[in-house]
Amino acid sequence: MGDLIPFPALRAPYNDPCEPPQGGLISVLGAKDLGCYARRVNVIKDRGPRPERVIAVVGAGASGILTTTQLIAQAAVLSRDYKLRIQLFDHTGEPATGPAYGTPHECHILNMRASTMSMYADRPHHFLDWLDSRIPQGNRPVSGDAYIPRAQYGVYLREQLYTAVEDAHRHGIEVEFVKARVTDCLPGAGKALIQCGDVVYSCDAAVLCSGDLPGKGLPELAGSPAYLPSAWRYDDIAGIPSTASVAVIGSSLTAVDAVVLLDALGHQGEIRCFSRLRSLPKVQGAASTPWKSQYVTKERVEELTGSGARQATLSEVAGLFRQEIELATGAPPDWEAALRSARRPVTETLPEDIRDAAEGRNRWYAALDATGHLAPHLWHRMDDAAKEVFLAKHASLWAMYRHSMPLPNAEKLWRLVRAGQLHAHTGLRAAVAHGGRHTLICVEDGREREFGADYVINATGASPDITELDDPLIGNLRQAGRLRPHRHGGVDVDFGTGRLIGLDGTASTPVYFVGPLTRGVHFYTNSVETLRTNSTATARSVLRGLG
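All figures in this text were calculated on a predicted structure; none of them were measured in a lab. Along each chain, residue indices are assigned from 1 in the same order as the chain's sequence is written. Under the rules for a predicted model, residues below a pLDDT of 70 receive no local features and side-chain atom pairs below 80 are neither given nor counted, while totals for whole chains, interfaces and linings still include all residues. Derived side-chain values reflect all non-hydrogen atoms in the structure, with water molecules and hydrogen atoms excluded from consideration.

S.K.: Can you lay out the packing of helix α9 (residues 346–358) against helix α13 (residues 407–418) for me, pointing to particular residues and giving the numbers?
M.R.: Interaxial angle, 0 to 180 degrees, is taken between N-to-C directions of lines fitted to C-alpha atoms, where a helix line uses only the stretch in contact. Secondary structure elements are defined from DSSP: runs of H or I of at least 4 residues count as helices, runs of E of at least 2 residues count as strands, and each element is numbered from the N terminus. It is at 10 Å that the axes of α9 and α13 come closest, and there the two elements cross at 145°. Note that α9 runs across α13; the crossing there is left-handed. Listed contacts from α13 to Val346, Thr347, Leu350, Pro351, Ile354, Ala357 and Ala358 of α9 are Leu407, Ala410, Glu411, Leu413, Trp414 and Val417. Should the near helix be turned anticlockwise from the far one by less than a right angle, the crossing is left-handed, and should it be turned clockwise, the crossing is right-handed. By definition, residues are in contact when any of their heavy atoms lie within 4.5 Å.

Given below as structure tokens:
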């Protein structure tokens, strides 16, 4: 694969993010020039007699880009008696440069194979084709099983946005990029008012696309200068002395990324991962033969629930997955062994997992992966008691298997384990700071153990509790009652449209939400597949509401 292709970022049409543009509407349009994208800024002074409808999209990460491109694609084929303007708000001025795809480190790879990462449901190989178009002539095409650097996927997202903006221009749709931090979204006579500091923008509908946001972290360590409250602060991780001992709190894919980055930076000190319940993720490998679900299907779920007349219990849903995995693996799995695996030493589990993945024996992953598109619908059909028991007792083990790490990352971690540099511990009970050092307290094999660390990285990832989020937009919406926390995490929205639900249980303002923070409603919200589905449905609902 070739080097990252540099593309210019869409930038704010004016310097002060809270100063209204002068001289009329400023529209940012993408244009091709010698194979690259350039910016073309048109000042439009006469909007004509037709009424104008404005849609605001807040956030230019993956969710915002998918939503914007869907709005353009769907509006382009509609018969409209109004002029459409889409405003894309983002405080960075650089689309797709958040924690997920803005990392400058090539060691940070996608956690899904390239063949699954297309932005377009009707063109499943689009991302692969895009990658191949960037390979020097005569070189081998990119394998669908490859794990691509995340920064490269950010380039892909940006280019698709630029292409969509060009399409918008051809269909008379204006697209405006506003570099501003949105601090609130207010109701106003059937419209939504986007507040950026002291300036307010009026729109006919708003789609909020906040990505993953870190929580408050570990307050007991907040005063320590050697505590990193987020694993997404890549520069801070790069500043850790190479010989320092490091404790990584968490055992998810975020923790894996932190360890992989330390390794890429040449870290020589001891690294220990700590979690409460389970060890490092399982390992996914090449999908030699895609799996077609036989039991976990929409038809089975609808039959089980009478098309929504009743909600499914946890045992009923678990039964479908058991049958699916048994069929995929060809034998009844050892479920007790799967449970024990959560706390087995990584020195035992990691080489086994790597071997199974490399040799294609982890067919359970293919079976789970094949159900990804159905996860939100299945979650929607489960009763609340089932969801609460699952989240309280089984979600951690589920994530260990379902959100397993790419084989290349597993091999890097195994090299560190073999060298005695990396260790993983479960049973974390406390983390304290004193005298410039940190102590991590665990209960393992029934006895309490203490471990020291010079630095601590909080790699627990995004918080499901929006009351913990240090984000002005989410905070102001919640305090005003225009947004309510979902009982199972994140924000509450209408399942089919993404319409934001307020504290009174209604969706009175034309405000929608797309992104990972709808996890309580859609459950599986970090995959491109789910974001693609939700952005499509939300765009359809928004445009329908404009008339």
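Still more to cover.
S.K.: With reference to specific residues and values, describe the pattern of salt bridges.
M.R.: The rule for a salt bridge is simple: a side-chain nitrogen of Lys or Arg has to be within 4 Å of a carboxyl oxygen of Asp or Glu. Counted under the stated rule, the structure contains 27 salt bridges. The closest approach of N and O atoms between Asp369 and Arg402, which form a salt bridge, is 3.7 Å. With a gap of 33 residues between them, Asp369 in helix α10 (residues 363–369) and Arg402 in helix α12 (residues 384–402) connect regions that are remote in the sequence. Residue Asp369 is classed as buried on the basis of its relative accessible area, which comes to 16%. One salt bridge connects Arg437 with Asp454, and the closest N-O pair in it is separated by 2.6 Å. Of this pair, Arg437 sits in strand β17 (residues 437–444) while Asp454 sits in the loop between β18 (447–453) and β19 (455–458), and the two are 17 residues apart along the sequence. Relative accessibility decides the category of a residue: with a 1.4 Å probe and only protein chains considered, values under 20% of the type maximum give buried, values over 50% give exposed, and everything between is partly exposed.

S.K.: How would you explain the sheet that holds strand β6 (residues 184–188) if you had to name every residue and give the values?
M.R.: One bridge is not enough; two strands pair if DSSP finds at least two bridges between them. Judged by pairing direction, the sheet is antiparallel, and its three strands sit side by side in the order β6-β7-β8 without closing on themselves. Across the chains shown, the open sheet's two edge strands, defined by having one partner strand only, are β6 and β8 (199–203). Neighbour to neighbour, the strand axes of the sheet diverge by 30° on average, direction disregarded. The pairing of strand β7 (residues 191–196) with β8 spans five bridges and is classified as antiparallel. Looking at β8, one finds that Gln195 is bridged to Val200.

S.K.: Let's hear about the side chain of Arg80: which residues, and what values?
M.R.: With respect to the element layout, Arg80 can be found in the loop between α1 (62–76) and β4 (83–90). We define a polar contact as two N or O atoms separated by no more than 3.5 Å, with the added condition that, inside protein, one atom must be a possible hydrogen donor and the other a possible acceptor, whereas residues neighbouring each other in sequence contribute only through side-chain atom pairs. At 3.1 Å, the side chain of Arg80 and the backbone oxygen of His171 are in polar contact.

S.K.: Which residues make up the packing of α1 against helix α16 (residues 528–546), and what are the values?
M.R.: To describe two helices that pack against each other, one gives the angle between their axes and the distance between the axes. At a minimum axis separation of 8 Å, α1 and α16 run at an interaxial angle of 45°. In this view, α1 runs oblique relative to α16, as classed from their interaxial angle. The two elements α1 and α16 meet at a crossing, and its hand is right-handed. Touching Ala62, Ser63, Leu66, Thr67, Gln70, Leu71, Gln74 and Ala75 of α1 are Leu531, Arg532, Ser535, Thr536, Ala539, Arg540, Val542 and Leu543, all from α16. Residues are grouped as follows: Ala, Val, Leu, Ile, Met, Phe, Trp, Tyr, Cys and Pro are nonpolar; Asp, Glu, Lys and Arg are charged; every other residue, Gly included, is polar. Looking at the contact of α1 with α16, its residues break down into eight nonpolar, six polar and two charged. Comment on the angle field: the value is read as roughly parallel under 35 degrees, roughly antiparallel over 145, roughly perpendicular from 65 to 115, and oblique elsewhere.

S.K.: So what's going on with the packing of aromatic side chains? Which residues, and what values?
M.R.: Each aromatic ring pair is characterised by the separation of its centres together with the angle its planes make. Each Phe, Tyr or Trp ring (for Trp, its six-membered ring) is paired with any other whose centre lies within 6.5 Å, and the angle between the two planes then decides the class: stacked below 30 degrees, edge-to-face above 60, tilted in between. The tally for this structure, following the rule as stated, stands at 15 aromatic pairs. On the numbers, 5.3 Å between centres and 65° between planes, the contact of Trp130 with Tyr156 is edge-to-face. Of this pair, Trp130 sits in helix α2 (residues 126–132) while Tyr156 sits in helix α3 (residues 150–170), and the two are 26 residues apart along the sequence. Look at Trp130 and you get buried, because its relative accessible area is 5%. The buried category is assigned to Tyr156, whose relative accessible area is 0%. On the basis of an interplanar angle of 45° and a centroid distance of 5.3 Å, the ring pair of Tyr153 and Tyr156 is categorised as tilted. Remark: Tyr156 and Tyr153 occur in helix α3; sequence separation between them is three residues, near one turn of the helix. Criterion for a charge above a ring: Lys NZ or Arg CZ within 6 Å of the ring centre, and within 35 degrees of the ring normal. In this arrangement the basic side chain of Arg123 is found over the ring face of Tyr120, its NZ or CZ atom lying 4.0 Å from the centre.

S.K.: Tell me about the sheet that holds strand β11 (residues 246–249), and please be specific about residues and values.
M.R.: Reading across the sheet, the five strands line up as β10-β19-β11-β12-β15 and stay open at both edges, with parallel pairing between neighbours. Of all the strands in the sheet, the pair left with one neighbour each is β10 (227–228) and β15 (422–425). Sheet topology places strand β12 (residues 271–274) next to β15; four bridges connect them, and they run parallel. Within β15, the position partnered with Cys273 by the bridge is Ala424.

S.K.: Explain helix α6 (residues 298–305) to me, and be specific about the residues and the numbers.
M.R.: Among the residues of α6, Val301, Glu302 and Thr305 are the ones counted as buried. The buried residues of α6 occupy an angular sector of 95° when the element is viewed end-on, so they sit on one face. For α6, exposure combined with an orientation more than 90 degrees from the buried face picks out Glu299 and Glu303. Buried positions along α6 lie against α7 (314–329) and α11 (375–380). Where α6 terminates, the next one or two residues include Gly306, which has phi positive at roughly 60°. Throughout, the arc means the angular range of directions from the helix axis out to the C-beta atoms.

S.K.: Give a description of the pairing of β4 that names residues and reports values.
M.R.: Counted residue by residue, β4 has eight buried out of eight residues, so it is predominantly covered. Note that strand β3 (residues 52–58) and β4 share seven bridges and pair parallel. In the strand pairing of β4, Val58 is matched with Phe89. As paired elements, β4 and strand β5 (residues 173–179) share seven bridges and run parallel to each other. Looking at β5, one finds that Ile86 is bridged to Val175.

S.K.: Account for the nonpolar core, naming residues and giving values.
M.R.: What we call a nonpolar core is a set of buried Ala, Val, Leu, Ile, Met, Phe, Trp, Tyr and Cys residues that are connected through their side-chain atoms within 4.5 Å. Core analysis: the largest hydrophobic core is formed by 49 residues, its most contacted members being Leu84, Phe127 and Tyr153. Of all the secondary structure elements, the ones that give two or more residues to this core are β3, α1, β4, α2, α3, β5, β9 (205–208) and α16. Top contributing element to this core by residue count: α3, with eight residues. If sequence neighbours within four positions are ignored, Leu84 has contacts with Arg53, Ile55, Ala75, Gly172, Ile173, Glu174, Leu543 and Leu546. Counting residues in each nonpolar core, the second largest holds 35 residues, with Ile240, Ala258, Cys273 and Leu350 among its members.

S.K.: Could you give me a rundown of unusual backbone geometry, with the residues and numbers involved?
M.R.: Although it is not a glycine, Ala96 adopts a positive phi angle of roughly 55°. Following the sequence through the fold, Ala96 ends up in the loop between β4 and α2. For Ala189, which is not glycine, the phi dihedral falls at a positive 50°. Assignment of secondary structure puts Ala189 in the loop between β6 and β7.

Remember that the coordinates give geometry; whether it matters functionally is a separate question.
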